[in-house]
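# Geometric and topological summary
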Amino acid sequence: MTIVFQPKPSRPAPSNVVGPAAWLRQNLFKDIPNTLMTILGLYIAVTVVGWVLNWAVFNAVWDADNRRECLDMVGRSGACWPGVAKWLPNMIYGLYPKDQVWRINLGFLALIVWMIPLWMGGVKSKVAIGLSAVLLYPFLASYFFLGGSKGVVWSALIALGLSGFVWVWATAICERVTGLSVGEWIGRRFAGATEDVKQKRVRQIAALLLFLVCYGVVSQWSLPGVRTQLWGGLFLTLVISGIGITFSLPAGILLALGRRSNMPVISLLSTLFIELFRSVPLITILFMFNTMLPLFLPEGTSVNQLVRAIVAVCLFAAAYMAEVIRGGLQAIPKGQYEAAASLGLGYWQTTTQVIMPQALKIMIPTIVGNFIGLFKDTTLVSIIGLFDLMNMARAVGEDSDWLGLFIEPFFVVSLIYFVFCFAMSSYSIGLERKLSAGRDR
Amino acid sequence: MSRIEGAKKVIEITKLNKWFGPFHVLKDVSLTVRDREIYVVCGPSGSGKSTLIRCINQLEHHQEGDIVVDGVEVEKKGKNQALIRRNIGMVFQSFNLFPHLTVLENCTLTPTLGLQTPRKEAEETAMRHLERVGIADQARKYPLQLSGGQQQRVAIARSLCTKPKIMLFDEPTSALDPEMIKEVLDVMVELAEDGMTMICVTHEMGFARQVADKVVFMDGGEIVESDTPEAFFANPRYDRTQAFLSHIL
């Protein structure tokens, strides 16, 4: 006679294991050293926060015409904000003409609007939208920021950026409503659902039409030119680090793949590039590009100083990113390559579909860490005379009205940097959580 | 074994030699597998059995000897490996599923990407194979949410989706719990009965008895003996084989 095995039912955990009281006891008041640490931590937090609040809010001066007035009122025990307020536009926009500042705002707003579909439900072409933001938006933005006269090629590129913007939103709306991308929808609407070849032609014609309309718009559109020498503040910091970040990831991926390549020449060149740029400080690279690059260029040609700085930052960031990506690649088990190979996938198919998605996912924290580092490293461009956010902050204390006012602008700059870096870091943590949901053991 | 006699030779290996650095892993190995034939390869670890089947689909490159797969000579430096691999499916000891893709996506990746099958058709084929290995209801899950046995069955289905003529199994049950070994072996038995040509590196002697046409015993990089399962288990000729069998049976 067999006995039927009956598993015991699970009981709820006892109350000293779960619940907020248990959490407090477990984490904050577990034993005497633990309790002492908790009290000490609380004491330090309260003192520091109190001190900062007193200085920045309660004792601060909000209305004054120069630093002398501030000092007469509260001495050094309170912050002197009027100087920062007066300089704030410069800290954000640099010396950009006041009546043109709307172009910067609109340019960044365009980027935000461009990316909104990435967070909308029901949108399927998210990869294409993301790629378009990286590849096409810069053309549109550069005209917003630079303005000035434009030739045929330059106009065509700007028109490409504008068509990209129109396409992104057309596709986003179309996919939400009909479930088809705008190209597919137009194809079906004007060529019938079954005519593949005809559909393709209709789509090509539609794309061409869109481009021509955009070109027409762009050719009628003119903005006065603003020399890059006038760019500065947060705006300049965002331009340099934005380009650096968007360039460094793809370039880093290619360099990392190159370093691991079986082809000795490619591997050697990638390794050389990476090691060269990694073993020289960014300041040195900036100096070299700034002072030595013109020596190598033919007489008469000159490269914009901002461009020189951006190129230097990009190459430096790419070398660092390459090593991060290589670390991720190293972590992928050999079995993944073997499985892909045994299924008959080629090198690029294996890399793009099997290896990279996994490697990038593992390295998200480090990649974003690098982005944050790069964002902050752009402060070094002040050394070659660009007025980025940091340099602008220093300029406040050199203004004759506010002579010596350094702490306040630096405090504000720190806050601005903190907001951006913390946003990046939070986004990366959210992304990690989203990507690993249900996929880990 | 009348059903095999005279059938087409799908794999023909002659005088295969391979070295890992100075270490001679495969020594003059010759093996002929005919259409619909099931080979079981066994032997102690380090005997070269995995390397042998990995040479067939060129995960390892050999230095001497010839391998002909379905009438195509395998070139030594892997120059035509893409062509060779198209006809061969492989199942690994550690499953090697792609953890970032769902079970279904694992199965449709190669057909849609490498063989350019339309997505819908690829998904239908994949679901058919997943049903065959009894795992269709898990198609939307990620591999690491499944048990080892389920993962290995997905790996088999994934291989079948590329429509291979030959299946290679590299110790498919060695990383599994006893209860899971059976579910994987059942799928393999069914595959064998459906007429797939298979080479299995395994120590599951019950499986060998049940479906194998030939059992091959390897040691020190050589094929020691190769015989029908009846003869192999009843009276092995070499003392080395006898000793090995006495350990694992």
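Treat the numbers as computed from the prediction; the structure is a model and nothing was measured. (Residues numbered from 1 in each chain as written. Chains lettered and ligands numbered in written order. Predicted model: local features only at pLDDT ≥ 70, side-chain atom pairs only at ≥ 80, totals over all residues. Heavy atoms only, no water.)

## As for the environment of Arg85 of chain B
Residue and element names in this part refer to chain B. Just so we agree on the cut-off: We count a stretch as a helix when DSSP gives it H or I for four or more residues in a row; a strand needs E for two or more, and each element gets its number in order from the N terminus. The buried label goes to any residue with under 20% of its type's maximum accessible area, the exposed label to any with over 50%, and the partly exposed label to all in between, with areas taken from a 1.4 Å probe on protein chains only.
When you line up the elements, Arg85 lands in helix 2 (residues 81-86). What makes Arg85 buried here is its relative accessible area of 8%. In sequence terms Arg85 and Lys8 are 77 residues apart; their C-alpha atoms lie 19 Å from each other.

## Focus on the interface of chain B and chain A
Worth spelling out the cut-off: Working rule for contacts: check all heavy atoms of both residues, and any pair within 4.5 Å makes them a contact. By convention, the term buried area covers the 1.4 Å-probe accessible surface removed from two parts as they join, with the contributions of both added. In what follows, salt bridge is the name for a side-chain nitrogen of Lys or Arg lying within 4 Å of a carboxyl oxygen of Asp or Glu. Three classes are used, and their members are as follows: Ala, Val, Leu, Ile, Met, Phe, Trp, Tyr, Cys and Pro are nonpolar, Asp, Glu, Lys and Arg are charged, and the others, Gly among them, are polar.
Contact with chain B, which involves 22 residues of that partner, is made by 20 residues of chain A. The contact between chain B and chain A buries some 1900 Å² in all, and 59% of this surface belongs to carbon and sulfur atoms. It is Phe98, His100 and Leu144 of chain B that lose the most area in chain B upon contact with chain A, and together they represent 28% of the buried surface on that side. Summed over the shared surface of chain B and chain A, the result is 1 salt bridge. One salt bridge in this structure joins Arg54 of chain B and Glu338 of chain A, with 2.6 Å as the shortest N-O distance. Elements with a minimum of two residues in the side of chain B that touches chain A: strand 6 (88-91), helix 3 (103-113) and helix 5 (148-160) of chain B. With 3 residues, the top contributor of residues to the side of chain B that touches chain A is helix 3 of chain B. Looking at the side of chain B that touches chain A residue by residue, the classes come out as 11 nonpolar, 8 polar and 3 charged.

## Considering the domain arrangement of chain A
All names here are of chain A. Defined as follows: Residue ranges for the domains trace back to a domain assignment, done automatically or taken from a database. Polar contacts, as counted here, are pairs of nitrogen or oxygen atoms within 3.5 Å of one another; within protein the pair requires one atom able to donate a hydrogen and one able to accept it, and residues that are adjacent in sequence qualify only if both atoms are side-chain atoms.
On domain assignment, one finds that chain A holds domain 1 (18-58), domain 2 (66-96 + 231-440) and domain 3 (101-225). Residue-level contacts link 8 residues of domain 2 with 10 residues of domain 3. Roughly 820 Å² is buried in total at the junction of domain 2 and domain 3, and carbon and sulfur atoms are behind 79% of that figure. The largest share of the area that domain 2 buries against domain 3 comes from Tyr93, Tyr96 and Phe235, three residues that together contribute 61% of it. Linking domain 2 with domain 3 are 3 residue pairs in polar contact (both at pLDDT 80 or more), by the criterion used here.

## Considerations on unusual backbone geometry
Only a minority of non-glycine residues have a phi that is not negative, and only a minority of peptide bonds are not trans. All names here are of chain B. Unlike most non-glycine residues, Asn96 shows phi in positive territory, near 55 degrees. Positionally, Asn96 belongs in the loop between strand 6 and helix 3. When its relative accessible area of 8% is taken as the criterion, Asn96 is described as buried. The phi dihedral of Glu171 is positive, around 45 degrees, even though this residue is not glycine. We classify Glu171 as buried; its relative accessible area is 15%.

## A closer look at the confidence of the model for chain B
Inclusion rule: For every residue, the pLDDT score states the predictor's confidence, bounded by 0 at the bottom and 100 at the top.
Averaged over all residues, the pLDDT of chain B is 90; the fraction at 70 or higher stands at 98%. The complex prediction reports pTM at 0.85, with the ipTM value standing at 0.92.

## A few points about the UniProt feature "domain: ABC transporter" (unreviewed entry) in chain B
Spelled out, the test is: UniProt positions are given in the numbering used here, feature names are shortened, and annotations may be inferred rather than shown by experiment.
According to UniProt, the positions carrying the feature "domain: ABC transporter" (unreviewed entry) are residues 11-245 of chain B. Its end C-alpha atoms 27 Å apart, residues 11-245 of chain B is made of 37% helix and 26% strand.

## Notes on the state of the cysteines
The condition that has to hold: Any pair of cysteine sulfurs within 2.5 Å is marked as a disulfide.
Scanning the entire structure with this criterion turns up 1 disulfide over all chains. The thiol of Cys174 of chain A is unpaired, and the distance to the nearest cysteine sulfur, on Cys214 of chain A, comes to 17 Å. In this structure Cys161 of chain B is not part of a disulfide, and its nearest cysteine sulfur, from Cys107 of chain B, lies 4.5 Å away.

## Side note on the packing of aromatic side chains
Think of a pair of aromatic rings as described by two things: how far the centres are apart, and how the planes are tilted against each other in angle. Spelled out, the test is: Think of it this way: a Phe, Tyr or Trp ring, Trp meaning its six-membered ring, pairs with another when their centres are within 6.5 Å, and the plane angle makes it stacked under 30 degrees, edge-to-face over 60, tilted otherwise. In this analysis the charged atom, NZ for Lys or CZ for Arg, is taken to sit over a ring once it is within 6 Å of the ring centre and within 35 degrees of the ring normal.
What the rule picks out here adds up to 25 aromatic pairs over all chains. Pairing Trp114 of chain A with Tyr137 of chain A gives two aromatic rings, centres 5.8 Å apart and planes at 80 degrees, and the pair type is edge-to-face. Of this pair, Trp114 of chain A sits in helix 5 (residues 101-115) while Tyr137 of chain A sits in helix 7 (residues 137-146); the two residues are 23 residues apart in sequence, bridging distant segments of the chain. Taken together, a centroid distance of 5.4 Å and an interplanar angle of 75 degrees make the contact between Phe144 of chain A and Trp221 of chain A edge-to-face. One end of the pair, Phe144 of chain A, is in helix 7; the other, Trp221 of chain A, is in the loop between helix 10 (196-220) and helix 11 (233-259), with 77 residues separating them in the sequence. Of the aromatic side chains, those joined through ring pairs into one cluster are Tyr96, Phe108, Phe145, Trp231 and Phe235 of chain A. Here the guanidinium or amino end of Arg158 of chain B rests over the ring plane of Phe98 of chain B, the centre of that ring lying 4.5 Å away. Positioned above the aromatic ring of Phe233 of chain B is the side chain of Arg209 of chain B, whose terminal nitrogen or guanidinium carbon lies 4.4 Å from the ring centre.

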